[in-house]
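Residue-level structural notes
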Amino acid sequence: MAFSPDCPLCVSDHAPLLWQDDKLRIIRVDDPRHPGYVRVIWQRHVAEMTDIDPMDRLHLMRTVFQVERLQRALLRPDKINLASLGNQVPHLHWHLIPRWRGDPCFPDAIWAPPRHDAVQADAWAEACGTLAPQVEHLHQILKTRGPAADVPVPDGAQDAPGA
């Protein structure tokens, strides 16, 4: 199926678009507790990776990996969570969520209850404010140069050949 009028990922949810091509798009997820969080969404309404042909799967995953590389290079998180769940919205998409040891739910999933007390929450809010320029830089790179943009790789990170 190419489009489902009841699907929130088929119908524009007004999430800020960062980049797109004819197969997929990258949107910013406005979650103040999780700076740099983006989604890579397959344009056509399909539920599973095996609903698209092998070359399209390669294109999708290459884009996911390129965005992860940019997040790591520009934001320097402690970890990146990649998730393709689709239980709530059965439309193929990937969540790319930078994580830091100080974030409210770490090491649990971002959907878990926060672990922070008021002091930790204030410290995390301040850290998010400090990260804001790097997050904006990530968004600008995606908008202007796309996910394949050439940026320095963080120390200790190795890109796969051809990534």
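A brief structural summary. Everything quoted here is computed from the prediction, not taken from an experiment. (Residues numbered from 1 in each chain as written. Predicted model: local features only at pLDDT ≥ 70, side-chain atom pairs only at ≥ 80, totals over all residues. Heavy atoms only, no water.)

Okay, the packing of aromatic side chains next. In total, this model carries 1 aromatic pair according to the counting rule given. Between Trp100 and Trp124, the aromatic rings sit 5.9 Å apart at their centres with planes inclined by 45 degrees, giving tilted as the arrangement. Here Trp100 is found in the loop between β5 (93–99) and α2 (118–145), whereas its partner Trp124 is found in helix α2, with 24 residues between them in sequence. Per residue, the accessibility class of Trp100 equals that of Trp124, and both read buried. (Phe/Tyr/Trp six-rings, centres within 6.5 Å; stacked < 30°, edge-to-face > 60°. Helix = DSSP H or I, 4+ residues; strand = E, 2+ residues; numbered from the N terminus. Buried < 20%, exposed > 50% of the residue type's maximum accessible area, 1.4 Å probe, protein only.)

Compared with the 32 Å implied by 1.5 Å per residue over 22 residues, the 31 Å span of helix α1 (residues 54–75) between its first and last C-alpha is a close match. For α1, the capping residue at the N-terminal end is Asp53, with a side-chain oxygen 3.0 Å from the backbone nitrogen of Met55. Downstream of α1 by a residue or two, Arg76 has a phi angle that is positive, lying close to 50 degrees. (Expected span 1.5 Å × (residues − 1). Polar contact = N/O pair within 3.5 Å; in protein donor to acceptor, adjacent residues only side chain to side chain.)

Quick look at the side chain of His95 now. Structurally, the position occupied by His95 is in strand β5. A distance of 3.2 Å separates polar atoms of two side chains, one belonging to His95 and the other to His93. Other than its neighbours up to four places away in sequence, His95 contacts Tyr37, Val38, Arg39, Asn81, Leu82, Ala83 and Trp111. (Contact = heavy atoms within 4.5 Å.)

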